[in-house]
Structure formats: C-alpha cells, structure tokens
Amino acid sequence: MKGRKSSCYLGIDIGGTNIRLGVVDDKGKILLKKRLPTLKEQGKKVVIVRFLKAIDSVIKNSKYTIKGIGIGCPGPLDSKKGIVLSPPNLPDWKNVPLREIVKRRFNLPVYLENDANCAGLGENWQGAGKGASSMVLLTLGTGIGSALILNKKLWKGKDGFASEFGHVSINPKGPKCKCGNRGCLELYASATAVARRMKQTLKKGIKSKVFKSTKEKITAAKIYQAAKMGDVISKRILDEAGFYLGVAIANIVNALNPEIVVLSGGMTKAGRLLFDKIKETVKARAFKEAIRGVKIVSGKLGEDAGIIGASWRVKNL
Ligand SMILES: [Zn+2]
C-alpha cells in the first residue's frame, strides 16, 4: 500500500503474566510496541480471543505492512506443527494449534517458536550476542530457559528439545525436578530458586538485615537489591546461585566452546554480585583453551528480546 513501510513483521511474546506485541522492521528495529495482561485465569478461549483482537488492532491501526507473524510461547511446543503442547505457565493450554488459529484469521505466514529460543534469536540478531556464530542463552526466571545458536543457526536437535540447559543436572543426588531428573540447574539458580533459598535460610533462624519474615513477598529482585545494600545473607545466596551457574556454564563451555554465553532475566541486574562468582567458577573448572575467548555477559534487549527474535524467525522462514 502506498506510503506504508515495507517488510515489517509482528513479533509476539506470550508469557504467563503479559503478552507483548511489537512491529519490527527488517533491520530488527522495534517500530511499535503493545502490551496486554495475559490474565490466564480467565481461561484459554478468552485469552486467545483477546490476543487475536490485539493482533488485529496492531495490523489495522499501524501504518506498517505486516509480512508475517512470529509467536514466542512457553514450551513444550511443537513448532513444526505449530502446536502449543502443555506449558506449565499456561495450565489449560493443552494441544492448542496456535499457528493455524492465527494463520486462518490473518492469512499471513505465521511461525510458532519456544519463547527462550526467540529470546536467543533476538539477542543474536540485535543484542549482546549480535553476529556471534555460536552462542548460548540462559534466561533466569521462574525456571531457566535456554537457546543454542551453532554456526549462526538455532540448534533445536532432532525432536526440537535441544538446549534444555536449565535441566542439566549439577547434583545427581539433589532434589527431584518436575522433569524427572535430580539436581537440575534451575532448582539452584532460577529466580524462583533464589527466592526459595532465602525463605529456607530465614526459617533456619539465620538473620537477614532486610528480610524479617518468610511471610513477606521475597523475590530475586528484592534479594539483589538487598545484596547491593550490603545484606550479607542476600550476597551469600546470590553467590551460591553464581557458583551453580558457573558449574553449569563450565560444562557447557567444555561441551560446546561457544563464542558467548548470554544471561538474561531480571536477576542479571545484580551485575558483578552475580557475574564475578560465575566467571570465577567457570575459570576454575573449564578448559583454559575453551574459556580464553568466551564472553559471559548480560543480555542487552531485556523484555524486547522475545519480540525481536520472534520477528526474525518469521522473517527467515
Ligand atoms: Zn529438571
């Protein structure tokens, strides 16, 4: 259409709390953003209707011509078939043919991809791992999501379940994980795990300068703020998380020798309080030759990584 900017894509990041939409141009720049609460408790049908309305309003009201829609959604999902299988974050979304639903409504190319893979593609296209030919992304959130880029391509494995680094065991005798394994990384270093660790510590009667009771809302974000204020217990808990991340990243570095490891999620705002321990542990454990060139950094795109990566995915169908 005359006057419309060509080659734009709609990138969508469906999360348990919010759904984010963004119009992204073919250079990876976000031109327009929209966010709506997921309100998953209203049930799948209501959420999907609201989601389709939001897409409709972006397409109709923006001056951009949308060439395709990329959707990042919590896994497990089957991106070949475009089906959301059974994400723990969206409890009643069982076998939802989301790609077909969106495709039929808007008559555009649609691609459905795991949300962590989208974040990885976003950081690799426009963020901290821009241009890297091999990159590992770990997102520290409720769990630990991850993505693996090898030779500039997303590596998904034979059945699409590759790079579940959050479920790499770092303690074979550790607690049982919902995946069936024991001692998975996400039980030790996700934002949820860090908050849980603080509660356990307080229950033992160990005093924190900031947190007085296990009844108050304790989050990883509050813990790193407390650590910055000098709370010894908060520092120790972040240090532990950094140690476990370092153990896992040393294994990843020895296995893959990547160019860069990108960590994202709110917890990475802790900066050196987290990264110093990670780097120290990796240095002590991985092959010197493999770590010499590897960068371990925080993501650059924050919450936009998923939108940008989802757009890249549909742009490069
Ligand atoms: Zn697990």
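All of these numbers come straight from a predicted model, not from anything done at the bench. (Residues numbered from 1 in each chain as written. Predicted model: local features only at pLDDT ≥ 70, side-chain atom pairs only at ≥ 80, totals over all residues. Heavy atoms only, no water.)

A.B. asks: Mind showing me how you'd approach helix α2 (residues 98-106) here?
C.D. replies: The periodicity of an α-helix, 3.6 residues per turn, causes residues three or four positions apart to be oriented the same way. Residues L98, R99, V102 and F106 constitute the buried set of α2. Along α2, the residues classed as buried sweep out an arc of 100° about the axis, all on the same side. A positive backbone phi angle near 55° is found at N107, which sits one or two residues after α2. (Buried < 20%, exposed > 50% of the residue type's maximum accessible area, 1.4 Å probe, protein only. Helix = DSSP H or I, 4+ residues; strand = E, 2+ residues; numbered from the N terminus. Arc of directions from axis to C-beta.)

A.B. asks: When you look at the sheet that holds strand β12 (residues 295-298) in this model, what are you seeing that I'm missing?
C.D. replies: Sheets are built from strands paired through backbone hydrogen bonds, the pairs being either parallel or antiparallel. If you walk across this open sheet you meet the five strands as β10-β9-β8-β11-β12, and the pairing is mixed. Only two strands of the sheet have a single partner each, and these edge strands are β10 (153-154) and β12. As paired strands, strand β8 (residues 135-140) and strand β9 (residues 144-150) are joined by six bridges and run antiparallel to one another. Bridged to L140 within β9 is I144. Each of β8, β9, β10 and β11 (260-264) is contacted by helix α3 (residues 115-126), which is oriented at about 50° to β9, the strand it contacts most. (Pairing = 2+ DSSP bridges. Contact = heavy atoms within 4.5 Å. Axes fitted to C-alpha atoms, helices over the stretch in contact; angles between N-to-C directions.)

A.B. asks: For this particular structure, what's the right way to read the coordination of the zinc ion?
C.D. replies: The reference angle at a metal is 109.5 degrees if four donors form a tetrahedron and 90 or 180 degrees if six donors form an octahedron. For the zinc ion, the protein coordination sphere consists of H167 (ND1), C177 (SG), C179 (SG) and C184 (SG), at 2.0 to 2.3 Å. Coordination geometry of the zinc ion: the four donor atoms subtend angles of 105 to 120° at the metal centre, consistent with an arrangement described as tetrahedral. For the zinc ion, all donor residues lie on one chain, and their spacing in sequence is H-x9-C-x1-C-x4-C. You can see H167 sitting in the loop between β10 and α4 (186-189) and its partner C184 sitting in the loop between β10 and α4, a full 17 residues away along the chain. Residue class for C184 comes out buried when judged on its relative accessible area of 0%. (Donors = N, O, S within 2.8 Å, 3.2 Å for Na, K, Ca; no water. Tetrahedral: all angles 85-135°; square planar, octahedral: opposite > 155°, others 65-115°.)

A.B. asks: How should unusual backbone geometry be read in this particular structure?
C.D. replies: Trans is the common state for peptide bonds, and a negative phi is the common state for residues other than glycine. For the peptide bond that leads from G75 to P76, omega is 0°, which places it in the cis range. Relative to the assigned elements, P76 resides in the loop between β4 (64-73) and β5 (77-78). Positive phi, close to 50°, is recorded for L39, a residue that is not glycine. For L39, the location among the structural elements is in the loop between β3 (30-37) and α1 (44-61). Positive phi is not limited to glycine here, since S163 has a value of about 55°. Tracing the backbone through its elements, the reader meets S163 in the loop between β10 and α4.

A.B. asks: Got a minute to help me understand a positive patch on the surface in this structure?
C.D. replies: Taken together, the side chains of K199, K203, K217 and K222 present a region of like positive charge at the surface. Tracing the chain through its elements places K203 in helix α5 (residues 191-203). (Patch = residues over 30% accessible without salt bridge, like charges linked within 9 Å, V, L, I, M, F, W, Y side chains within 5 Å. Areas by Shrake-Rupley, 256 points an atom, 1.4 Å probe, with all protein chains shown as cover. Salt bridge = Lys/Arg side-chain N within 4 Å of Asp/Glu carboxyl O. Lys, Arg positive; Asp, Glu negative; His and termini not counted. Charge placed at Lys NZ, Arg CZ, Asp CG, Glu CD.)

A.B. asks: What's the story with the pattern of salt bridges in this structure? I'm lost.
C.D. replies: Where charged atoms from two side chains of opposite charge approach closely, those side chains can pair. One pass over the full model with this rule turns up 12 salt bridges. Between R20 and E303 there is a salt bridge, with its nearest N and O atoms 3.1 Å apart. Remark: E303 occurs in the loop between β12 and α10 (305-315) and R20 occurs in strand β2 (residues 18-25); sequence separation between them is 283 residues. Because the salt bridges share partners, they merge into one network encompassing D13, R20 and E303.

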